[in-house]
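Results of the structural survey
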Amino acid sequence: MADAAPLRALIFDVDGTLADTERDGHRVAFNAAFAEHGLPWHWDEALYGELLQVAGGVERMAHYARRHRGLALADDELAALLKRLHASKTRHYVQRVGAGAVRLRPGVERLVREARQAGLRLAIATTTTRDNVIALLEATLGADAPRWFQVMGTAQEVAAKKPDPAVYRWVLARLGLDADAALAFEDSGHGVSAATAAGLRCIVTPTAYSAGDDFTAAVVRLADLDHHPDDPARPVTLADLRRWHATAPRPGTRAVQADPA
Ligand code: XBP
Ligand code: MG
């Protein structure tokens, strides 16, 4: 049995984890921004799955412009175009989410409410834009919901994108907690890498896009928070989370096989 500190906080990734936002939310918003700017770019579902390997909307568009379109703009011209496109994309995304285009994944609302009631602290660690997070929380959990999350690490607070652990380290510092006292929730290989590199135990609920990622560093892989891995008929509870947190080894501290002398 690992000797974890008591569980004090839950830290949630947003895209793919709180809600399956990528295919019908972000992808559609990117395409709307391209159309608005008269660009003959279109990201279909399969291409978008490949592009998701690049974290961050601006970085994803820069990669596409150069790799798929061979765009030979000077760096400053490309940066200016991407800035305009991304502002437009964020507007479209916020509008779509506000109109109810995405829903929370199963079990998320229940566990968030239970955790609040139990006095656990809640936080967000994402690479997406802050406006997107606020829009999603308000549209799905209500106008007050952004305040339920005491710390929100987004692209506005931390420039380095996952798999860099910077956003998780920033969130932990703001919470004033050691990684040992918190549990992270992710949906992607990049996300699990970021969380575990920050020393966090991480639970993963993959999406169709991330199902093939490497999750060996995660504590447990779940279909979603409403289906327990040992008994899919029952939901994952706070007691399950506490048990996984208490029994999983802290990342990076797995016992190393002794060298035979
Ligand atoms: C999410 C991302 C983001 C979104 C798009 O990753 O990589 O780039 O796809 O949002 P994670 P922006 O779930 O690991 O945080 O356009 O605002 O970047
Ligand atoms: Mg994610």
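This section reports on the structure supplied with the text.

About the cut-offs
- Residues numbered from 1 in each chain as written.
- Chains lettered and ligands numbered in written order.
- Predicted model: local features only at pLDDT ≥ 70, side-chain atom pairs only at ≥ 80, totals over all residues.
- Heavy atoms only, no water.
- Buried < 20%, exposed > 50% of the residue type's maximum accessible area, 1.4 Å probe, protein only.
- Helix = DSSP H or I, 4+ residues; strand = E, 2+ residues; numbered from the N terminus.
- Arc of directions from axis to C-beta.
- Near = heavy atom within 4 Å.
- Polar contact = N/O pair within 3.5 Å; in protein donor to acceptor, adjacent residues only side chain to side chain.
- Areas by Shrake-Rupley, 256 points an atom, 1.4 Å probe, with all protein chains shown as cover.
- Domains from an automatic or database assignment.
- Donors = N, O, S within 2.8 Å, 3.2 Å for Na, K, Ca; no water.
- Salt bridge = Lys/Arg side-chain N within 4 Å of Asp/Glu carboxyl O.

**Re helix H7 (residues 166-175)**
Every buried residue of H7 is listed here: Val167, Tyr168, Val171, Leu172 and Leu175. All buried residues of H7 lie within an arc of 135° about the axis, which places them on one face of the element. When the buried face of H7 is taken as reference, the exposed residues oriented beyond 90 degrees from it are Ala173 and Arg174. Where H7 ends, the next residue or the one after it, glycine 176, has phi of about 70°, a positive value.

**Concerning the site of ligand 1**
Residues in contact with ligand 1 amount to 18 residues; listed here are only the nearest, Gly57, His86, Lys89, Thr128 and Thr129. With respect to ligand 1, the backbone of glycine 57 contributes an N or O atom lying 2.7 Å from an oxygen atom. Contact distances for ligand 1 include 3.1 Å between an oxygen atom and a side-chain N or O atom of threonine 126. Relative to its unbound accessible surface of 440 Å², ligand 1 loses 95% to contact with the protein. Elements with a contribution of two residues or more to the shell around ligand 1: helix H1 (22-36), helix H3 (57-67) and helix H4 (75-98). Among the elements that make up the shell around ligand 1, the one with the highest residue count is H1 (three residues). Looking at the shell around ligand 1, you find at least three residues from each of domain 1 (9-20 + 103-247) and domain 2 (22-98).

**Regarding the coordination of the magnesium ion (ligand 2)**
Asp13 (OD), Asp15 (O) and Asp187 (OD) make up the full set of protein donors to the magnesium ion (ligand 2), lying at 2.1 to 2.2 Å. Counting along the primary sequence, the residues that act as donors to the magnesium ion (ligand 2) give the motif D-x1-D-x171-D. Overall, aspartate 13 belongs to the buried group, its relative accessible area being 4%.

**A word on the pattern of salt bridges**
Scanning all chains against the criterion turns up 16 salt bridges. For arginine 113, the salt bridge goes to glutamate 109, with nearest N and O atoms at 2.9 Å. Of the two residues, arginine 113 and glutamate 109 are both situated in helix H5 (residues 108-117); the distance of four residues between them amounts to about one turn of the helix. Arginine 113 gets classed as partly exposed once you look at its relative accessible area, which sits at 40%. Two residues, aspartate 144 and arginine 147, come together in a salt bridge whose shortest N-O distance is 2.8 Å. Judged by its relative accessible area of 41%, aspartate 144 is partly exposed. Among the ionic contacts, a cluster of salt bridges with common partners joins Asp13, Lys162 and Glu186.

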